[in-house]
Amino acid sequence: MSNRQRFLALFAMLALFAQVAQLVLLRELSVVFVGTEFSLGIALAAWCLCVALGSWWGVRLVRSRKGQTPIPACLACLVAAVPLLSLAMARLAATVWDVMPGTDLPLSALLLLPFVVVGPLALTVGIAFVFGVHALGEAAWLYVIEACGTLAGGILFHFVGVEMAPLSLLALLGCLLLLACTLLPFARRQTTPSWSWLIGNVGLIGAILVFAVLWWWSVAAENWLRRQQWHTLAPQQEFVADRLSRHGYLAVLALAEQKNFYSNGRYFMSASAVDETAISQLAHLLLVQHPQASSLLLLGGGLNGFVRKALLYPLTEIHYCELDPALVTLAWDHLPEQEQQALRDKRVHIHYQDGRRLIEQSHSRYDLVIQFLPEPTTAAVNRYYTREYFAAVKQSLNHGGVLIFSLQSLPFPEGELLRRNAMIWHTLSQVFRDVHAIPGTNAFFLASDKPGQMAMSARECADRLVQLSARDTQFHPALYHTLLDQEAIASNEELLRQAAIDEAVVNSDLHPRAILSSLSVNGISPFVGSQFADWTSLLSGILLTVVAAGLVLVLAIALWDVRKRRSKPGMQLATQLLIIAFIGFAGMAAEIVLLWAFLCSYGYIYAMLGLFTALFMSGVTGGGWLGKKVAGRRYALPLPLSLLVVYLGLLPWSIGLLPGKNGGLWLLALNLLPGVLVGAAFPLASHDCRRISTVSGGNGFLYAADMLGACLGALIIGSFALPLWGTWYVCHIMAVSGTVLLIFLFFERLTQ
Amino acid sequence: MAADTNHDCHDCTAQGGLSRRDFLACLARYGTAMATMPAALCALGMISQEACAAMGKPKEVEFYEKMPDRKTKCLVCPLECEREPGKAGECRTRNNKKGVLYNHAFNNPCILKTDAIEKLPMYHFLPGTNTLSVATGGCNLRCLYCQNWEQSQSPPEKLRTFAFDGEQAKQMTLTKKIPTMAYTYTEPVVFSEYIGELAKHTRPAGIRHVAASAAFMNAKPMEQLCKQLDAITVTLKGFREEFYRKMCDRPLKPVLDSLQLIKKSGIWLEIVNLVVPTYNDNGKDIKEMCKWVRQNLGDEVPLHFARFAPEYKLKNLPSTPISTLEKAQETALAAGLKFVYLSNVAPHTGNNTYCPSCKTLLIERLAFQVLQNRLTQGRCPRCGGKIPGIWDGAKK
């Protein structure tokens, strides 16, 4: 094995480790961001920015060493150690920021933390890449190897790492990374051993041992870290158990007789052997909404006693669907005996799959579909409140079937809360003929195609309870008078109807408008009540204005240059930078659009992140190779840009063509192409830069522009543009912008 | 109907695109960020027309000081906000307009609704009767678990409001035969001028007035408010200074002073304590609170322990375990308080009223409903013991 091969092997391992570490840290951040996809956009932006900074710093370091070979083993140690510290930082963030129990991190922390957590690793990876190029003397192979390592990391994480304890995974891979360092010439025996050789090798062996010990103790360390985290978040509650799954992080805590369940750091339900009051009221209010239901589909919420109450009714089938099997497995040991018995009943069928896919793909028909799902603050949950979903539910209901779900509300909804609820009401009204809402701090939305099917008065409910022979000592029919306040129902429905007419906004899969509204009424604490949706709306107005003005300016400059028939080198470099920044932006945006599309189809994304990123990177490598082949031709650079414009224009249609069962593969395939185009553009622009002899340092600027574009793409598209503008507008705005840049580029070429 | 009216928009949104309407709305919001004129806000639909109209007719605040440079110092609550012209106080309802302090929460409630009086909660005042609940926007506290935060944390001009004056209140209560008006949902302290106006018109017609308040108010305005009320439920949110500071961003002492003042005023007083897990659910604090209530307000003041539910900015805390509430009830009874209730839990025996002497069930409740009331002229039918409260006119 030659030194060069050893070096490449080390870099492959380093890329693999970095990919896995990035994914682990993204999951930790998603817990901090209580499961919202904001963390994804901000963390990817932080990653791109810090890799760029690391590369810049790496160049300076290499130059300062005046051509001496840097120490890759030291860098590998750094790469291996940094994610462990970042992981601890993410877990202890609440302690560091002194967060009040029950609330979330302050806004400053939410904006800073992604940079603190993924930044150091990205910075180190950036430096390592520059050192690698310097040591190897060329970048092309290193790109290929890095992409292969990233791909392997993504696959490894997808199939093995996703359910492993993060600390164990990182310690084990860190250990392997350091072992890979022993392949290097530095670690091997020299002809004349020196002190630095000795110290270096002893240090390396020491580091390997430290990581091995850490791996050995990782389970205990993992538990300690988790306990510390929960001690800050819920100091009075006792940490009982937790579990990692491909859908996120689940934890159970105990408070007196209650077991409280948290998903991705957010409290979502309690189970108690003695608390019958809330569940009795809920069950007997909802289960009488169909006069003679025989089949019930329950999406979520089957572990808190609802199934037990449903068994009191003459239902022949109760289908309980839970996306994450880990939730049921984890909860089972902490459920009261009576709940376990209810779930074992022969009428109860548990489905471990995405509820939406069950409804869309199953041929079963139901009388009642009741969903207990979180608020639509994420794309994963929003897909249960869209027109497409409601239409699918309608198809799965028998004649006179009823759909019921709840949303955060207030006795008197106002502002963004009213706007959001009216949006859902309006969307529901688009599909069902009869829609009602029962107000409260949690409003229930009821829909059926058969008018008069739902019982909206206390008397009717009480009559149905008797008719259905549902006897429950824990429930008094007189409670219906409290639960169904006629005056409140009438005024609330009028309010929703009027607001729905005023706004006339529909929540759809490709335009998930409810997400931003929901974040400002029920999202992360700093956003709640902050008119967050108004601010993002304002921001989007400014952004649209800036983009439009920028495009007009670009066209004006191009026309001016054509008229003058001259083009200065500075302007030519600026053109290259603009094109590369745009391609970086559009590439990242396309990847995020595809991630969201996957999320909308399958209801989860975290486990797939590795594959998406790895395929994109593979595309970048392949594109780089292609780019080198065609570099130097006059119209080579406009080619990837033109293809990207066409791709973006067609992307929404392509997503719309998702094949049912193999939709995921289709999206993964679609993800490869922007990678290829982004990868091809770089060597082409780089070649053009070298032609412009009067400007030095062009490649560095190009790399910075690429990373900056990608960073902005992740931040803008991932954080707010997609829910605010929708997939169609995002893709088409980018396609139009790309077309304008193409015209600009064409005019620039004419003047050269 | 809505579907037909908005057909064009749906075609567009069916493809997931941004509609023309959205785009215009976006531009409008951008424009309104710079708009300062209430008229412009009204024209753009940011505030209701009624609110616009009411904004032109605010009521001058009774308790304030005029200061140099047309500044004002509000004396209604312990915050005593000093404001320059054009600025509103912490409560968001009292604004300095050219050196005169006005209350903008006047004749423009955002909530107007008939409720059971038990909902306040108020169990010893005309049980089983209805009340006309009135609330305006604004609050002088910043509770992290507020249940009506959309109203309480917004100024009146940003809410949908109704034009509703004293005469209309009189007409409505008499027509609907509602014996009381309740100032609840948001903080009555921030619209005390409006309460005065409503009381002035409806008291002569025999309508009684009750309030649910945090009682974060200065002494003189509180005395004035007590004159307009017949009963009040005060939310004593906790019994530690640190808790009040953290949870409500306000001090505790003024609330305790107000409670003593209310007791002296002679109006009917009940206390509610929301038991928030982690924050105010430890036995020691509850014991101290009960001891203070007994010593300073008497053992006949009803105390309600209410169950917390995750709301507003405290989404990550679970609901209070029932056993915690039951322990709190035991502690309060052991401290010598005679009437201790549990709220937001039903069915539960903690909802009922029992005779403190012979333990006979006097009023059976289910959530906010009175299932049966066995009191005879305010006395226990078994031992004849007098039960404190206002019972005349109550439903049997």
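Residues numbered from 1 in each chain as written. Chains lettered and ligands numbered in written order. Predicted model: local features only at pLDDT ≥ 70, side-chain atom pairs only at ≥ 80, totals over all residues. Heavy atoms only, no water.

1. Brief notes about the sheet that holds strand S2 (residues 64-66) of chain B
Residue and element names in this part refer to chain B. Judged by pairing direction, the sheet is antiparallel, and its 3 strands sit side by side in the order S2-S3-S4 without closing on themselves. Edge positions in the sheet fall to S2 and strand S4 (82-83), since each of these pairs with one other strand and no more. Examined bridge by bridge, strand S3 (residues 72-74) and S4 share 2 bridges and lie antiparallel to one another. Each bridged residue has a counterpart across the sheet, and for Lys 73 the counterpart in S4 is Glu 82. (Pairing = 2+ DSSP bridges. Helix = DSSP H or I, 4+ residues; strand = E, 2+ residues; numbered from the N terminus.)

2. Focus: the side chain of His 158 of chain A
Tracing the backbone through its elements, the reader meets His 158 of chain A in helix H6 (residues 140-159). Residue contacts for His 158 of chain A: discarding those within four places in its chain leaves Arg 246, Ala 607, Met 608 and Leu 611 of chain A. (Contact = heavy atoms within 4.5 Å.)

3. Focus: the sheet that holds strand S8 (residues 366-371) of chain A
Residue and element names in this part refer to chain A. Strand order in the open sheet formed by 7 strands is S7-S6-S5-S8-S9-S11-S10, and the pairing between neighbours is mixed. Unpaired on one side and paired on the other, strand S7 (348-351) and strand S10 (434-438) mark the two borders of the sheet. Pairs of neighbouring strands in the sheet enclose a mean axial angle of 15°, with direction left out of account. In the sheet, strand S6 (residues 317-321) pairs with S7 via 4 bridges, with the strands oriented parallel. Residue pairing for S7: Cys 321 is matched across the bridge by His 351. In the packing of helix H17 (residues 415-431) onto the sheet, the strands contacted are strand S9 (397-408), S10 and strand S11 (442-448), and the crossing angle to S9 comes to about 170°. Here helix H20 (residues 486-503) sits on the sheet and contacts S10 and S11; the angle it forms with S10, its principal contact strand, is near 120°. (Axes fitted to C-alpha atoms, helices over the stretch in contact; angles between N-to-C directions.)

4. Observations concerning the interface of chain B and chain A
Across the boundary between the two partners, chain B contributes 63 residues, which contact 77 residues of chain A. Buried surface at the junction of chain B and chain A, summed over both partners, amounts to about 5800 Å²; 56% is from carbon and sulfur atoms. Viewed at the interface, chain A and chain B are joined by 1 salt bridge. One salt bridge connects Lys 113 of chain B with Asp 485 of chain A, and the closest N-O pair in it is separated by 2.8 Å. Our count for the contact surface shared by chain B and chain A stands at 22 residue pairs in polar contact (both at pLDDT 80 or more). Sorting elements by how many residues they give to the side of chain B that touches chain A places helix H3 (residues 20-32) of chain B first, with 6 residues. (Buried area = accessible area lost by both parts, 1.4 Å probe. Salt bridge = Lys/Arg side-chain N within 4 Å of Asp/Glu carboxyl O. Polar contact = N/O pair within 3.5 Å; in protein donor to acceptor, adjacent residues only side chain to side chain.)

5. Some words on the nonpolar core
Membership of the largest hydrophobic core comes to 162 residues, with the highest contact counts inside it found for Leu 177, Phe 612, Leu 651 and Ile 717 of chain A. Ranked by residues supplied to this core, first place goes to helix H27 (residues 698-751) of chain A with 25 residues. In this structure, Ala 211, Trp 292, Leu 297 and Ala 306 of chain B belong to the second largest nonpolar core, which totals 83 residues. (Core = buried A, V, L, I, M, F, W, Y, C linked by side-chain atoms within 4.5 Å. Buried < 20%, exposed > 50% of the residue type's maximum accessible area, 1.4 Å probe, protein only.)

6. Here we look at a nonpolar patch on the surface
Together, Leu 53, Trp 56, Trp 57 and Leu 61 of chain A give the surface a local cluster of nonpolar side chains, amounting to about 410 Å² of exposed area. By secondary structure assignment, the location of Leu 53 of chain A is in helix H2 (residues 38-64). (Patch = residues over 30% accessible without salt bridge, like charges linked within 9 Å, V, L, I, M, F, W, Y side chains within 5 Å. Areas by Shrake-Rupley, 256 points an atom, 1.4 Å probe, with all protein chains shown as cover.)

7. As for the pairing of S9 of chain A
Residues and elements named next belong to chain A. In terms of burial, S9 is largely enclosed, as 10 of its 12 residues are buried. Of the strand pairs in this sheet, S8 and S9 are connected by 5 bridges, and their pairing is parallel. Counted as the bridge partner of Leu 368 is Val 402 from S9. For S9 and S11, the ladder comprises 7 bridges, and the chain directions are antiparallel. Along S11, the bridge assignment pairs Ser 406 with Phe 444.

8. Observations regarding the pairing of strand S17 (residues 369-373) of chain B
Residue and element names in this part refer to chain B. Judged from the 4 bridges that link them, strand S16 (residues 361-366) and S17 form a sheet pairing that is antiparallel. For Ile 363, the partnering residue across the bridge sits in S17 and is Asn 373. Turn length for the S16-S17 hairpin, with the two strands adjacent in sequence and antiparallel, is 2 residues, and the turn residue Ala 367 shows positive phi of about 55°.

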